[in-house]
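# Structural overview
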Amino acid sequence: MMETKTLYKEAVALLKQLIATPSFSGEEQEVNLLVQEYLKKHGIDFSTKGNNVVARNRFFDQAKPTILLNSHLDTVKPNKGYTRPPFHPTVEEEKLYGLGSNDAGGPLVSLLSVFVWFYPRKDLKYNFIMAATAEEESSGPNGLNSLVDELPPIDFAVVGEPTGMQMAIAEKGLLVIDAYAPGKAGHAAHDNTDNAIYNALDDIEKLRTMTFDKVSPMLGKVKVTVTQIEAGEQHNVVPATCHFVIDVRVNEKYTNREIFEILDNQTRSKLVPRSFNLSSSSINPAHPFVQAGVSLGRKTYGSPTLSDQSVLSCPSLKMGPGDSRRSHRADEFIGLNEIREGIDLFIHIFEKIL
């Protein structure tokens, strides 16, 4: 069997290639090929759908339960704060810099390494499926959600995201709502008591102070935030409508539809949900993987950020090397020791349940 040192070296080499290859959401074709080449190098068969790559362990057995290992290929676009070339991987003081190094290149190459480690074994209690997927950052239609109906039944999933190798055993869902406050167009010099902007502000104030009774011990409160607003085209014309966007982070105590209905009943604006599908997710703390991680010193927590867990219906958790606070920031990096630790810890946790 391959040594973990070799796995680590190959993981870092692959991550450098991934950083050097732009892979914005919907444009993952080139990094898709890099993952294919990595799997070919290890003699692993795979399939593709769009920009997604899927592989199964060599002795896949339909009679056994199946674990999904998943992380995403795409990145956000680099922001203007970068002082380093975002697509030029550089190592300084044991830190690998570059766009996507932390979110989610490090978790991706770590899970790929784990998949390669267990791939040839005959004695596994579980099957493994590795899915390197597209469009996570944009919650697009052609990522993991395009695969779930085609995969065999999944009993448990590990979604690779930067968590410091702690275990995010619950994750808030996301509900994005377009709101349209009504009004009556008119000249700004004349009396106008039906100003769409003022009507929007009334609703926004309600949303700002709104509270929800059900608080999760792991995920806390439902959080409602107005993140965008636009109205008007001329300084002297009162607009007939004001559009604003509501970002809602939903705990597991509510469904997205329940939250929408509550907001809809409390506001005058017309509310239009973009999707109800990005639901909260969680796993029982007594799950064998969670308990194995705890036995190795891993902590559990609830995550406020969204991942591809939201499209899975099976028990799942979010875990991987790196730090979520570095995601989407300028001069993104991941520690080389974080990748080494990630691979080792994943293998040790799985060994306890396999």
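This text follows the structure it describes.
Residues numbered from 1 in each chain as written. Predicted model: local features only at pLDDT ≥ 70, side-chain atom pairs only at ≥ 80, totals over all residues. Heavy atoms only, no water.

### What to know about the overall build of the protein chain
When you go through the protein chain residue by residue, the secondary structure sums to seven helices and 18 strands. Relative to the 2.2 N^0.38 estimate, which gives 20 Å for 354 residues, the radius of gyration of the protein chain is 23 Å and therefore close to what a compact globule would have. With respect to the three principal axes, the spread of C-alpha positions in the protein chain is 80 × 45 × 35 Å. By residue count, 52% of the 354 residues in the protein chain fall in the buried class. Summed over its atoms, the accessible surface of the protein chain is roughly 16,600 Å², and 49% of this surface lies on carbon and sulfur atoms. For the protein chain, the separation between the mean place of its 37 positive charges and that of its 44 negative charges on side chains is 5 Å. (Helix = DSSP H or I, 4+ residues; strand = E, 2+ residues; numbered from the N terminus. Rg over C-alpha atoms; globule rule 2.2 N^0.38 Å. Buried < 20%, exposed > 50% of the residue type's maximum accessible area, 1.4 Å probe, protein only. Areas by Shrake-Rupley, 256 points an atom, 1.4 Å probe, with all protein chains shown as cover. Lys, Arg positive; Asp, Glu negative; His and termini not counted. Charge placed at Lys NZ, Arg CZ, Asp CG, Glu CD.)

### Examining the sheet that holds strand β14 (residues 270-273)
Spatially, four strands are ordered β11-β13-β9-β14 in an open sheet, and the strand pairing comes out antiparallel. One side of each edge strand has no neighbouring strand; the edge strands of this open sheet are β11 (223-231) and β14. Strand after strand, the sheet turns through a mean of 25° between neighbouring axes, direction not considered. Bridge analysis of strand β9 (residues 173-182) against β14 gives four bridges, and the strand direction is antiparallel. Considered in β14, the bridge of isoleucine 177 is made with proline 273. Running over the sheet, helix α4 (residues 196-209) touches β9, β11 and β13 (241-250) and is turned about 15° from β13. Against the sheet, helix α5 (residues 256-266) contacts β9, β13 and β14, and its axis sits at roughly 25° relative to β9. (Pairing = 2+ DSSP bridges. Axes fitted to C-alpha atoms, helices over the stretch in contact; angles between N-to-C directions. Contact = heavy atoms within 4.5 Å.)

### Considering unusual backbone geometry
Most peptide bonds take the trans configuration, and most residues that are not glycine carry a negative phi. Of the consecutive residues aspartate 103 and alanine 104, the connecting peptide bond is found in the cis state with omega at 0°. Within the secondary structure layout, alanine 104 lies in helix α3 (residues 101-118).

### Details of the environment of glutamate 3
Mapping glutamate 3 onto the fold places it in the segment before α1 (4-19). Glutamate 3 gets classed as exposed once you look at its relative accessible area, which sits at 55%.

### A look at the pairing of strand β8 (residues 167-171)
Among the five residues that make up β8, five are buried, leaving the element largely enclosed by the rest of the structure. Inspection of the sheet shows β8 paired to strand β16 (residues 300-303) by four bridges, in the parallel sense. Paired with glutamate 171 across the bridge in β16 is serine 303. The sheet contact formed by β8 and strand β15 (residues 281-282) spans two bridges and is antiparallel. Counted as the bridge partner of glutamate 171 is serine 281 from β15.

### Remarks on the pattern of salt bridges
Here the structure, examined in full by the defined rule, presents 13 salt bridges. Taking the shortest distance from any N to any O, the salt bridge between glutamate 338 and arginine 326 comes out at 3.1 Å. Of this pair, glutamate 338 sits in helix α7 (residues 336-353) while arginine 326 sits in the loop between β17 (316-319) and β18 (333-335); the two residues are 12 residues apart in sequence, bridging distant segments of the chain. The exposure class of glutamate 338 is buried, given its relative accessible area of 15%. One connected set of salt bridges, linked through shared partners, spans Arg121, Asp123 and Glu351. (Salt bridge = Lys/Arg side-chain N within 4 Å of Asp/Glu carboxyl O.)

### With respect to the nonpolar core
Membership of the largest hydrophobic core comes to 57 residues, with the highest contact counts inside it found for Leu69, Val158, Phe289 and Phe350. Membership of the second largest hydrophobic core comes to 22 residues, among which are Ile204, Val224, Cys242 and Val248. (Core = buried A, V, L, I, M, F, W, Y, C linked by side-chain atoms within 4.5 Å.)

### Side note on the sheet that holds strand β5 (residues 95-97)
Pairing is antiparallel across the open sheet formed by three strands, whose spatial order is β4-β5-β18. Every interior strand has two partners, whereas the edge strands, β4 (90-92) and β18, have only one. Averaged over all pairs of adjacent strands, the angle between strand axes in this sheet comes to 25°, irrespective of strand direction. The pairing of β4 with β5 spans three bridges and is classified as antiparallel. Note on β5: the bridge partner recorded for glutamate 92 is lysine 95. In this fold α3 packs onto β5 and β18, with an angle of close to 40° to the strand it touches most, β18. Here α7 sits on the sheet in contact with β4, β5 and β18, set at roughly 60° to β18.

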